[in-house]
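# Observations on the three-dimensional arrangement
Below are the chains, spelled out letter by letter.
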Amino acid sequence: MNKNIPLSRYYNLLAEYIAPQKTRFSLLALMLLTSIALQLFIPQITRRFIDQALAGEAMDVLITAAVAFIALAFLQQLFGVGAAYVGENVAWLATNRLRERLTKHSLNLDMSFHNDTNPGAMIERIDGDVTQLSNFFSQLVISIVGNIVLLIGIIVVLTIEDWRLGLAFGIFAMLMLGVLNWIRNIAVEAQKAWREANMTLFGFIEERLAGTEDIRSSGAVDYVLSKLDQLQSVVRKTQQSAWYRFIAIHTTAGFMMRLGGAVAIIASWLLFQNELLTIGTVYLVFHYYNLLGRPIRELSQQVENLQTVGASMERLEDLLAEAPKIKDGIGTPIPEGALTVQFDDVQFTYKADEPILKGISFDLQAGQILGLLGRTGSGKTTMARLLFHLYEQQSGAIRLGDVDIRDATLTQLRQRVAMVTQDVQLFEATIRDNLTFFNRDISDDRLMSVIQELELKEWLDSLPDGLDTVLETGGRSLSAGEAQLLAFTRIFLRDPGLVILDEASSRLDPATEQLIERAINRLLKGRTGIIIAHRLGTIERADQILILQDGDVIEYGNRTDLASDPNSRFYQLRQTGLEEVLA
């Protein structure tokens, strides 16, 4: 890791999101510069008030100075608050767009990436790291740029008062900033390790909470707690390592402040003794020294933030550097209507030396239904994933409608292929949004037509707000059958040419199963279908049967012919019982 992170890298990550906000930046610059100018000018009024009071000036002169001081101090606070507000607004707008980019980028990454990265870790990157970046950028102009301008302004004003004061404070400021710049990267690596430890911890907690039922039923609670303790120990150690470095930064800044105080005392005493400064000017020097302390303290704080942001930035850059291996094709259109499905000597493996599919070949005609059978781990679900181009086969070709899926765009492909599984993904949103995936172009009339066709009208009428009824998180307010019927409705709305059903009617009560069976018949009418099945009843509608075993096709043919051939594997499965043999 490069320990010398230039400030330009912090800006470049957000530059494209900040650039459209030029108007806000101009307003921010105006407010900030006005606030700084007032901070520099107000002590001059106080200095004049002190010297005039000691010289015995009239009361009305002193009152005028006091009123001017109060008015300008109020105005300075007003501009300071305005600058802080605009700065926060700019930063949050920019980082929210970065969150959108990261989320879209992550959704487009290959499934192999997501298989190796748990959701908790992704949340920590997209939200936690970006929040760190937002907190930094919301104060970038205010705390860093603003304080540097204030620092320069103080030195200029002191130089005007006396060149020796300006020189002394200038040397001190340059020394202070040089030291801060030198030490600002010492905690980046430790901070990165701390955040990575947090990411691992959050991922572990997310996975274990999702598997609470299995953990409790298998008696693994003690193991989970033990592992949690180990991960928390790593977090504690990495946090301590980062904080030791932060302490070094604080100590350095504190030492430099004391050094600056000594410079102010010695310089003011020498100049006052030689009658080069008035009492009011001595006050001015100490006021500017105290004013100088604020930008130095805040710059020191931002040095700490740079450590945190530096680690977050590197992790975000690492995520953005992840490139999907699966690319869009040249855009060859997939035909409308039912699609032919062809696997031509397709070989695939998730990991080297562990083949999942070993030269799979078959040709399914448009409008036909394929019953796909095989034990768990035989490669059935993998074939479905390949049809969606979620993974890239190592060799061979997959064609839909005589078009190689690698030549179609991913959007085209996934519009023409649809899948229903036992576990339906539902959102905490209205029934309408769950059916349309938030597509406002689909009218309610179209929705109601499909709902009536699937015999869901009576169920919809039983809901308190119809299509506007909001589902609970994960669709907990629906039964498994209702969730699958909603999934069928989604497919009807898309009108794909190929439908894949992954045992979509299992684990249901008889009445709901009959409703779903009728919905499946309507869904498959005029479409090509692939049914991944574990029960004989599910594949009675199939035209072709394909049986997988350890990644090989051990039988493929017409269902009726295979069912009547005593020597076929399918015939034996029907005699023995599909559920027992393929379990």
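Scope of this entry: the structure provided in the associated data block. Residue positions are given per chain, counting from 1 as you read along its sequence in written order. In keeping with the model being predicted, local features are shown solely for residues with a pLDDT of at least 70 and side-chain atom pairs are shown and tallied solely at 80 or more, while totals for entire chains, interfaces and linings include all residues. For side-chain calculations, the full set of non-hydrogen atoms in the structure is used, while hydrogens and water are omitted.

Next up on the list: the packing of aromatic side chains. When two rings of Phe, Tyr or Trp (its six-membered ring) have centres within 6.5 Å they constitute a pair, described as stacked for plane angles under 30 degrees, edge-to-face for angles over 60, and tilted for the intermediate range. Under the defined criterion, the tally for this structure stands at 7 aromatic pairs. Judged by centre distance (5.6 Å) and plane angle (65°), the ring pair of Phe348 and Tyr391 falls under edge-to-face. With Phe348 in strand E1 (residues 341-351) and Tyr391 in the loop between helix H13 (380-387) and strand E4 (395-400), this residue pair connects regions lying 43 residues apart in the sequence. For the residue pair Phe348 and Tyr391, the accessibility class agrees, reading buried in each case. Within the aromatic cluster, the residues linked to one another by ring pairs are Phe343, Phe362 and Tyr556. In this structure, Arg527 is placed above the aromatic ring of Phe492, and the distance from its NZ or CZ to the ring centre is 5.5 Å. Only DSSP runs of H or I covering at least 4 residues are called helices, and only runs of E covering at least 2 are called strands; the numbering of each starts at the N terminus. Type-normalised accessible area, obtained with a 1.4 Å probe on protein chains alone, sets the label of each residue: buried when under 20%, exposed when over 50%, and partly exposed for intermediate values. Cation placement over rings: the criterion is NZ of Lys or CZ of Arg within 6 Å of the ring centroid and within 35° of the ring normal.

As a further point, take the sheet that holds strand E2 (residues 354-364). Taken in spatial order, the 4 strands line up as E2-E1-E4-E5 in an open sheet, and their pairing is antiparallel. The sheet terminates laterally at E2 and strand E5 (403-404), the two strands that pair on one side only. Against the sheet, H13 engages E1, E2 and E4, with an angle of about 110° to E1. Each pair of strands is called paired provided DSSP finds at least two bridges between the two strands. Only heavy atoms enter the contact rule, under which two residues are in contact if any of them lie within 4.5 Å. For helices, the axis comes from a line fit to the C-alpha atoms of the stretch in contact; other axes are also lines fit to C-alpha atoms, and the angle between any two N-to-C directions lies between 0 and 180 degrees.

Counting buried residues along H13, 6 of its 8 residues qualify, which places the element largely inside the surrounding structure. Turning to H13, its buried residues are Lys380, Thr382, Met383, Ala384, Leu386 and Leu387. Just downstream of H13 lies His389, where phi reads positive at about 60°.

Once that is clear, we can look at the side chain of Thr436. With respect to the secondary-structure elements, Thr436 resides in helix H15 (residues 431-436). Beyond its immediate stretch of four places on either side in the chain, Thr436 contacts Ile442, Leu447 and Leu493.

Any carboxyl oxygen of Asp or Glu that lies within 4 Å of a side-chain nitrogen of Lys or Arg is treated as forming a salt bridge with it. The tally for this structure, following the rule as stated, stands at 13 salt bridges. Taking the shortest distance from any N to any O, the salt bridge between Arg432 and Asp468 comes out at 2.5 Å. One end of the pair, Arg432, is in helix H15; the other, Asp468, is in the loop between helix H17 (457-461) and helix H18 (480-494), and 36 residues separate them in sequence. Using a relative accessible area of 43% as the deciding quantity, one classes Asp468 as partly exposed. The partner of Glu540 in a salt bridge is Arg559, with the nearest N and O atoms 3.5 Å apart. Taken together, the residues span a long stretch of sequence, with Glu540 in the loop between strand E8 (528-532) and strand E9 (544-549) and Arg559 in helix H20 (residues 559-563) at a distance of 19 residues. Through salt bridges with shared partners, a single ionic network connects Arg432, Asp444 and Asp468.

Let's shift gears to the nonpolar core. In plain words, nonpolar cores are sets of buried Ala, Val, Leu, Ile, Met, Phe, Trp, Tyr and Cys residues tied together by side-chain atoms within 4.5 Å. In this structure, Ile431, Phe488 and Leu501 are the most contacted members of the largest nonpolar core, which totals 45 residues. Apart from the residues within four sequence positions on either side, Ile431 is in contact with Trp459, Leu460, Leu463, Gly466, Leu467, Thr469, Leu471 and Leu486. Listed in part, the 30 residues of the second largest apolar core include Phe348, Leu370, Ile405 and Leu413.

Another aspect to go through is the sheet that holds strand E7 (residues 498-502). Read across the sheet, 6 strands follow the order E6-E7-E8-E3-E9-E10 without closing on themselves; strand pairing throughout is mixed. The sheet terminates laterally at strand E6 (417-420) and strand E10 (552-558), the two strands that pair on one side only. Put simply, the sheet's adjacent strands are angled 15° from each other on average, direction ignored. Across 4 bridges, the pairing between E6 and E7 is parallel. Following the sheet pairing, Ala418 is matched in E7 by Val499. Taken strand by strand, H18 contacts E6 and E7, and its axis lies near 170° from that of E6. Taken strand by strand, helix H21 (residues 569-576) contacts strand E3 (369-374), E9 and E10, and its axis lies near 85° from that of E9.

A positive phi angle is found at His389, which is not glycine, with a value near 60°. Here His389 shows up in the loop between H13 and E4. Accessibility expressed as a relative area gives 1% for His389, which makes it buried. Phi is positive for Glu455, close to 60°, though the residue is something other than glycine. Relative to the helices and strands, Glu455 resides in the loop between helix H16 (444-453) and H17. For Glu455, a relative accessible area of 33% corresponds to the partly exposed category.

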